[in-house]
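A structural walkthrough
What follows is each chain in one-letter form.
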Amino acid sequence: MAIKQLGKKGMFLTFISISIIAVLIIMFTPSDVNLRKDISVVETRASNVNSYVLDLEDVYLARTLESSGIKTIISLISYTNKTRGFLTNFEANFKEVILNGTINKVPIDSITGQNIMKDSTYTNLTNKIVNASKNVFNVDTTFTINNVKVYQIRPWFVNVDANVSFSVNSETASWNKENAIIKAEIEIENFNDPYYLVSTGGNYANKIRKSGTRFDEWNVGKVKDFIRDGNYTRWENGNAPSFVMRFTNDLSASTCCGIESIVNPNNPAISDKDVSYADYKYWSSTPVCPNSNLYIVNGITGPFPLFPNFKLDLDHVVRYNLTPNAVLKCPPTP
Amino acid sequence: MKKRCLVNRRGYFFLIDSVIALGVLIVGVFLIFSMYTKVPSKEQSTILSDNVMDFFANNKIKDVNNLYAGLGGELWAKEGQAGGLCPGKKLTQNSENTLLQQLAEFYEKSAGNSCYLALARKFIVNLTKNTLPPQYAFEFWINGQLLYPNTEQVGSKNAAQVLIPSKRIVYGNVNKETGEMFGPYTAEVLVWQ
C-alpha cells in the first residue's frame with residue numbers, strides 16, 4: 001500500500017516538474033511577435049526619403065535653377081533681338097521670366113517665336129519632382145519659391161539665387177525647410193551679346209568667348225586674331241560694362257565684371273566712324289574729330305584682309321600694347 | 001530481502017522516470033522551437049535590388065572598368081558605327097554621367113529611335129554580368145519602360161514568394177549651352193528568386 005502511494009506521488013511530482021520546466025522554457029523563448037522587422041522597414045523608408053530630401057536641396061533644386069536660368073538668359077537675348085530694344089530692368093525681367101515664363105505679363109515665347117521657356121520655368125521644373133517623388137517614395141512634396149535674385153560677381157559667370165521653402169510629408173515622417181538659398185552659377189560663354197544685337201538691329205551677332213591672351217601677351221598679331229574671332233577679354237581697372245549691364249545699355253564701368261571685345265570693321269553692319277572700335281565705345285561715342293583722341297594702328301588698320309578704318313582710343317592702344325604701331329588719327333597731326 | 005528488492009525497484013523507477021522526463025522535455029523543446037517556421041528571407045532580395053540600384057546610381061562612366069561600357073569601351077567606339085546597334089548615331093561618352101544617368105539618357109533618346117533601348121539593354125547586361133546569384137532574376141525599368149530584359153517576366157514574378165523593388169529618381173546634367181536637362185524619371189530595379 002505504502003509503495004503504491006509512493007509510486008503515485010512520484011508520477012505527480014514528475015508531471016509537475018515537467019510542466020514547470022515547460023512553462024519556464026516558453027516564458028524565456030524569444031517571441032516571434034516583435035517590432036524589429038517593422039522598425040527596420042520604417043527606418044529604411046525614412047532613410048530613403050531623407051536621402052531624397054538631401055538630394056533635393058543639394059542637387060535637384062540647384063540643377064533645375066541652372067537649367068531654367070540658362071533658358072531665361074537665352075530667352076531674354078532673343079527678346080531683345082526681336083524687339084530691337086534694351087531691357088529696362090534686367091533683374092525684374094529675369095525674375096518674371098524664370099518663374100512665370102512671361103515678360104511684362106506676356107508669355108515671352110509668344111514674342112520670341114520660340115518654345116524656350118515652355119515647361120521650363122523654375123516653377124515647372126519643381127513641379128516635375130513633386131510627381132516623381134509621389135511615384136517613387138509615396139511622399140507629398142510642396143514648394144514655395146519666395147524670391148529669385150540674379151547678379152554678377154565674376155566677369156564670366158552670372159549668379160542666380162533662389163529662396164525656396166519646401167516640405168516633404170510621408171507616412172512615417174515629415175521634413176520642412178524654410179528659406180533655403182539655392183545657388184546656381186551660369187557661364188556666359190556662347191551666349192550672344194545682346195548689346196551687339198540691339199545696336200545693329202540683329203545684323204551683327206557676336207558670341208561671348210573668352211580670349212586666351214594674357215594681359216602681358218598682347219601684340220599686333222594677337223589683336224588681329226582677337227578682332228577676327230570676336231573674342232572678349234577682361235581688364236583689371238577697365239572701363240567696360242558687364243554682361244548683365246549690356247542688356248540694359250548701361251555702359252558704365254563694372255569694377256568686378258567688365259568685359260569687352262573689338263568690333264570687326266569687316267562686318268557689313270560696321271561703318272567707318274571716328275570713334276574707338278572697342279565695342280562699348282563704338283555705338284555709344286559721338287564721332288567728333290578733331291576733338292577725339294584716336295589712333296590707327298599700322299599692321300591692323302588697312303584694307304581687307306586687314307581691318308579698314310580701324311581705330312582705337314589711347315587707353316586701349318596702351319592696354320593692347322600697340323603704342324609702337326599707333327599713329328594719331330584724330331586730331332590730325334598738323 | 002523484501003526491503004532490498006524494494007530499493008532496487010525504486011532505482012529502476014527513478015531511472016525510467018528521468019528518461020521519460022528527458023524525452024518529454026526534448027519533444028517539448030523541439031515542438032516549441034519548430035513553431036517558428038522559416039520564411040524565405042526577404043532581406044537578401046532587398047539587399048540585391050538595393051545593391052544593383054546603388055551600383056548604377058553611385059558609379060560614373062569614368063569609374064567603371066568595363067570593356068563595353070567604360071571610357072573608350074566598345075559601346076562608344078563601335079555601336080554607333082555600321083554594324084553596331086545604332087548605326088549612324090553619334091554616341092558621346094560623358095564621363096561625368098552616372099551609369100543610371102546614362103541609362104536615362106538612352107531612355108530619353110529612345111523616343112526618337114528604338115535602337116537606344118537595345119543599347120540600354122546591352123549596357124545593363126555587360127555591367128551586371130555575374131553579379132547576381134544564378135537563382136535570382138531582375139528587371140530594370142525607367143518611367144514604366146522595361147529596359148532589361150527584352151520582355152517582362154510576368155510568370156516568374158507571379159511565382160516569386162518575395163519581390164522587392166528598389167526605386168530612385170534620376171535626372172540629367174544640365175547642357176551648359178542650351179539649358180536642357182532630362183528628367184526627372186523614375187528608375188526601378190526588381191529582384192526576385
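In this report, the structure presented in the accompanying data block is examined. This structure is a prediction, so every number in the text was calculated from the model and none was measured.

Here is what the cut-offs are and how they apply
Residues numbered from 1 in each chain as written. Chains lettered and ligands numbered in written order. Predicted model: local features only at pLDDT ≥ 70, side-chain atom pairs only at ≥ 80, totals over all residues. Heavy atoms only, no water. Helix = DSSP H or I, 4+ residues; strand = E, 2+ residues; numbered from the N terminus. Buried < 20%, exposed > 50% of the residue type's maximum accessible area, 1.4 Å probe, protein only. Contact = heavy atoms within 4.5 Å. Areas by Shrake-Rupley, 256 points an atom, 1.4 Å probe, with all protein chains shown as cover. Pairing = 2+ DSSP bridges. Disulfide = S-S within 2.5 Å. Polar contact = N/O pair within 3.5 Å; in protein donor to acceptor, adjacent residues only side chain to side chain. Phe/Tyr/Trp six-rings, centres within 6.5 Å; stacked < 30°, edge-to-face > 60°. Buried area = accessible area lost by both parts, 1.4 Å probe. Salt bridge = Lys/Arg side-chain N within 4 Å of Asp/Glu carboxyl O. Core = buried A, V, L, I, M, F, W, Y, C linked by side-chain atoms within 4.5 Å. Patch = residues over 30% accessible without salt bridge, like charges linked within 9 Å, V, L, I, M, F, W, Y side chains within 5 Å. Axes fitted to C-alpha atoms, helices over the stretch in contact; angles between N-to-C directions.

Turning to the overall build of chain B, a few remarks are in order. Scanning chain B from terminus to terminus reveals 6 helices and 4 strands. Seen in sequence order, chain B has helices and strands lined up from the N terminus as α-α-α-α-α-β-β-α-β-β. Within chain B, the proportion of its 193 residues that are buried is 41%. Looking at chain B alone, contacts between residues at least 24 apart form 64% of all its contacts between residues at least 6 apart. Entry remark: accessible area of chain B is about 11300 Å², with carbon and sulfur atoms responsible for 55%.

Here we come to unusual backbone geometry. With an omega of -5°, the peptide bond between B:Y148 and B:P149 qualifies as cis. Relative to the assigned elements, B:P149 resides in the loop between strand 2 (145–148) and helix 6 (154–159). Despite not being glycine, A:N309 has its phi angle at roughly 65°, a positive value. Checked against the element boundaries, A:N309 lands in the loop between strand 6 (294–297) and strand 7 (312–313).

Let us look at the pairing of strand 4 (residues 157–169) of chain A. All names here are of chain A. Along strand 4, 12 of the 13 residues are buried, which leaves the element largely enclosed by surrounding structure. Pairing analysis gives 12 bridges linking strand 3 (residues 140–154) to strand 4, with the strands arranged antiparallel. If you follow T144 over to strand 4, its bridge partner there is S165. Between strand 3 and strand 4, which pair antiparallel and follow one another directly, the connecting turn spans 2 residues. Two strands pair when backbone bridges link them, and strand 4 and strand 5 (residues 174–187) are joined in this way by 12 bridges, in the antiparallel orientation. Bridging across to strand 5, S167 finds its partner in N176. The hairpin turn running from strand 4 into strand 5, its antiparallel successor, is 4 residues long.

Attention now moves to the state of the cysteines. Residues and elements named next belong to chain A. What the rule picks out here adds up to 3 disulfides over all chains. The disulfide partner of C256 is C257, and the gap between their sulfur atoms is 2.0 Å. Disulfide C256-C257: torsion about the S-S bond near -95°, hence left-handed. What makes C257 buried here is its relative accessible area of 0%. Disulfide pairing places C289 opposite C330 at an S-S distance of 1.6 Å. An S-S torsion of about -120° defines the bridge between C289 and C330 as left-handed. Of this pair, C289 sits in the loop between helix 9 (279–282) and strand 6 while C330 sits in strand 8 (residues 326–330), placing them 41 residues apart in sequence. Look at C289 and you get partly exposed, because its relative accessible area is 31%. On the basis of relative accessibility, which here comes to 0%, the residue C330 falls in the buried class. Going through chain A in sequence order and numbering each bonded cysteine, the pairs you get are 1-2, 3-4.

Before going further, it helps to examine helix 3 (residues 90–100) of chain A. Residues and elements named next belong to chain A. By the burial criterion, the buried members of helix 3 are F90, N93, F94, E96, V97, I98 and L99. Where helix 3 begins, the side chain of N89 points an oxygen toward the backbone nitrogen of E91, at a separation of 3.2 Å. A positive backbone phi angle near 75° is found at G101, which sits one or two residues after helix 3.

Residue and element names in this part refer to chain A. Evaluated as defined, the whole model comprises 27 aromatic pairs over all chains. Consider the rings of W235 and Y320, whose centres lie 5.3 Å apart with planes at 85°: the pair is edge-to-face. Taken as a pair, W235 in the loop between helix 7 (220–229) and helix 8 (243–246) and Y320 in the loop between helix 10 (314–319) and strand 8 lie far apart in primary sequence, 85 residues in all. Ring centres of Y277 and F310 lie 5.9 Å apart, and the angle between their planes is 70°; on these two criteria the pair is classed as edge-to-face. On the criterion of sequence distance, the pair formed by Y277 in the loop between helix 8 and helix 9 and F310 in the loop between strand 6 and strand 7 is long-range, its members being 33 residues apart. Taking the relative accessible area as the measure of exposure, F310 reaches 0% and is therefore buried.

Turning to the interface of chain B and chain A, a few remarks are in order. Between chain B and chain A, the contact holds 28 residues from the first and 31 residues from the second. Note on chain B versus chain A: buried area summed over both sides is about 2500 Å², and carbon and sulfur give 68% of it. For chain B, the biggest contributors to the area lost against chain A are B:I169, B:Y171 and B:K176; these three give 22% of the whole. Measuring nitrogen to oxygen at the nearest pair gives 2.9 Å for the salt bridge that ties A:K71 to B:E180.

A word on the nonpolar core. Ranked by size, the top nonpolar core spans 84 residues in total, and within it A:Y52 and A:F243 carry the most contacts. The dominant element in this core, judged by the number of residues it contributes, is helix 2 (residues 36–83) of chain A, at 13 residues. In contact with A:Y52, other than residues within four places in its own chain, are A:I129, A:S133, A:F137, A:V139, A:T141, A:V168 and B:I169. Counting residues in hydrophobic clusters, the runner-up holds 39 residues, among them B:F56, B:L117, B:F123 and B:I124.

So, about a nonpolar patch on the surface. On the surface, A:F12, A:I16, A:I20 and A:L24 cluster together into a nonpolar patch covering about 410 Å² of accessible area. Position of A:I16 relative to the elements: it lies in helix 1 (residues 2–28).

Taken together, 4 strands build an open sheet; the order of strands is 2-1-4-3 (chain B) and the sheet is antiparallel. The open sheet terminates on both sides in strands that have one partner only, identified here as strand 2 and strand 3 (163–170) of chain B. Taken pair by pair, the neighbouring strands of this sheet meet at an average axis angle of 25°, ignoring direction. As paired elements, strand 1 (residues 137–142) of chain B and strand 2 of chain B share 3 bridges and run antiparallel to each other. Among the inter-strand pairings, B:I142 is bridged to a residue of strand 2 of chain B, identified as B:Q145. The strands touched by helix 5 (residues 122–137) of chain A within the sheet are strand 3 and strand 4 (185–192) of chain B, with strand 3 of chain B carrying the most contacts at an inclination of about 165°. The strands touched by helix 4 (residues 99–109) of chain B within the sheet are strand 1, strand 2, strand 3 and strand 4 of chain B, with strand 1 of chain B carrying the most contacts at an inclination of about 60°.

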